[in-house]
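# Coordinates in review
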Amino acid sequence: MEKPRIYLDNNATTVVAPEVKEAMLPFLTELYGNPSSLHRYGAETRVHIAEAYDHIYRLIEARDEDSIIINSCGTEGNNTVLQGVYHTLIRNGNKREIITTNIEHPSINTCLTHLAELGVEVKYLPVNKDGYLELETLAAAISDKTALVSVMWANNETGVINPIEEIAALCHKKGVLFHTDATQAMAKLPVSVKSRNIDFLTYSGHKFHAPKGVGALYIKAGIKLPPLLYGGEQMGGLRGGTHNMPGIAALGAACKIAVSGIQIELTHVKALRDRFETDILESIPDVIINGKGAPRTPNTCNIIFKGVEGEAVLWDLNEEGIAASTGSACASGDERASYVLSAMKLPPELTHSAIRFSLSRYTTAQEIERALDVIRKTVRRLRSISTSYK
Ligand code: C6P
C-alpha cells in the first residue's frame, strides 16, 4: 500500500491554493472572452484584469506609474531583462558589462553565456562561505562599463538571502541598473520596491501557490525595456500574446493571500523548519546545515548527511512517500556537484551528500515528525553500508 505522502519540495513548485483555484475557475468556464475584444465577452473578462493587478502591485508596493508585465514564469522575466538590457545599453549603447553572482539560477547564467557569445562582458562575483554576496565585493566590481547588476534575492538551493536593499542602493548610487530575481523570496519574505532602487524584479507564480505558467516582471517607471515577445499591444506593447486570464486571476489571488501568507511563513513555517533542523542536529551526528550562519528564507533547509549520497537518501525517502530534492529541480538529472554549494567552498564529497527540504504553509507538525523519523532511519541504514562513512 502506498505510504501517506509528504511534500517537502516547495522550492521546486507549490500546490495551488484553494483561493487561487477558485479565482481561476470562471476564466476556465464561462468567462472565456478575449479581454482585447470589444464585444461583451471581451468586456466581461477585461474588467477583472484591474482587480488582479491591484493585488500584484500592492504586494511589492509598486506605484501606478511603474509597469508590471504578467508573463509565463521567472525564466521569461529574467531573459526579458538580460536580453533587453543587451539590446538597449550594450548593442545600441556604450556599456559593455553585466555583473552577476556565481549562484544564480540557470535562467540567468545560461542566458548570460549566450550574451557573452554576442560580446557582452559578464562578471560572475563570488559569494562568501555563508552563501551571500558581500557589498564590498560588488562595490569593487562596478565600473563605467557596467550596464546592469543582477543578483537573486534568495537562493533556491540554500534559501540564503542576499542583502538586496543595500545592493540596490549601491547600484543606484553608482548609476547602474539593478535587477533582482525574487523567485524564491516572493511570499516568503517582505519583497518591496518602495525604496525606488530596484529597476527590475522578476518572479514565478507557481512558487507561491499560483499554477505553473504565470509570472511577472516589474519595471520601474521611466526605464525602457524592449519586449522579448513582439506581437500585439497587450501589456502596453511590452509582451505580445493574448492575455492569460486564468493565470492573471490566479496571480492576483496568490498575491492577495501572500500578504497573510508572509506572516505564516515567518512564524509557523519558520518554527517548523527550525524544529526540523534542531531535531536533526541533536539526533544525527555529522550533519552540516548549509547557509545556517546567514539570513535564510523561512521554509528552506539545505542539509548534508556526511558519508551518504544525497540521491540515495532521496530514493529511500521517496519509497516512504516523502518528496525532497538534492538541489534545484532543473538540475536533478545532473550528476555534477551543485555549483551553489561549490561557490560556498564546500568540497565535492560533501556537496554530493546535500539535500534540500523546502516547506510551505501547508506543511504540518505531524508531517515533520514523520519525516524526521524516516530521515533518522534512512541515514542510519545508508551509513551502515557506506564505505566512505567511518
Ligand atoms: N527553481 C528549483 O527547483 P521557472 O522555472 O521559470 O518558473 O522559475 C525559474 C527560477 C528562477 N529563479 C529562481 C531563483 C528559481 O528558483 C527558479 C526555479 C526551481 O529551484 C526549478 S529549477
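Thresholds, definitions, all that
Residues numbered from 1 in each chain as written. Predicted model: local features only at pLDDT ≥ 70, side-chain atom pairs only at ≥ 80, totals over all residues. Heavy atoms only, no water. Helix = DSSP H or I, 4+ residues; strand = E, 2+ residues; numbered from the N terminus. Buried < 20%, exposed > 50% of the residue type's maximum accessible area, 1.4 Å probe, protein only. Polar contact = N/O pair within 3.5 Å; in protein donor to acceptor, adjacent residues only side chain to side chain. Contact = heavy atoms within 4.5 Å. Core = buried A, V, L, I, M, F, W, Y, C linked by side-chain atoms within 4.5 Å. Domains from an automatic or database assignment. Buried area = accessible area lost by both parts, 1.4 Å probe. Salt bridge = Lys/Arg side-chain N within 4 Å of Asp/Glu carboxyl O. Near = heavy atom within 4 Å. Areas by Shrake-Rupley, 256 points an atom, 1.4 Å probe, with all protein chains shown as cover. 1 Å grid on protein atoms, 1.4 Å probe; cavity = no way out; pocket = protein on both sides within 12 Å on 5 of 7 lines; lining within 4 Å. Sits in = over half its atoms within 2 Å of the grid points.

Let us now look at the side chain of Arg196. By secondary structure assignment, the location of Arg196 is in the loop between strand S6 (177-181) and strand S7 (200-204). Judged by relative accessible area, which is 16%, Arg196 ranks as buried. Here Asp66 takes part through its side chain, which lies 2.8 Å from a polar atom of the side chain of Arg196. What Arg196 contacts, discounting residues up to four positions off in sequence, is Arg63, Asp66, His172, Tyr218, Lys220 and Ala221.

Our next topic: the nonpolar core. Leu138, Trp153 and Phe200 are the most contacted members of the largest nonpolar core, which totals 80 residues. Ranked by the residues each element gives to this core, the list is headed by helix H7 (residues 245-283), at eleven residues. Excluding anything up to four places from it in sequence, Leu138 contacts Ile99, Leu125, Leu133, Val149, Ile167, Leu170 and Cys171. If you look at the next biggest cluster of nonpolar residues, it comprises 28 residues, including Ile6, Ile355, Ala371 and Leu372.

For the protein, the domain assignment lists domain 1 (6-14 + 261-384) and domain 2 (18-257). Inter-centroid distance (C-alpha atoms) of domain 1 to domain 2 is 28 Å. Residue-level contacts link 33 residues of domain 1 with 34 residues of domain 2. Regarding the contact of domain 1 and domain 2, the summed buried area is about 2,800 Å², with carbon and sulfur atoms giving 55% of it. Three residues stand out in domain 1 for area buried against domain 2, namely Thr14, Ile262 and Tyr339, and they jointly supply 20% of the buried area on that side. Viewed at the interface, domain 2 and domain 1 are joined by zero salt bridges. On inspection of domain 1 and its partner domain 2, the count reaches 16 residue pairs in polar contact (both at pLDDT 80 or more).

Close contacts around the ligand come from 19 residues, with Thr75, Asp181, Ser204, Ala329 and Cys330 the closest. One of the side-chain nitrogen or oxygen atoms of Thr75 is found 2.6 Å away from an oxygen atom of the ligand. At 2.8 Å from an oxygen atom of the ligand is found a side-chain nitrogen or oxygen belonging to Gln184. For the ligand, whose free accessible area comes to 510 Å², the fraction covered by protein is 92%. At a threshold of 2 Å from the grid points, most atoms of the ligand map onto the second largest pocket. Counting residues domain by domain, the shell around the ligand receives three or more from each of domain 1 (6-14 + 261-384) and domain 2 (18-257).

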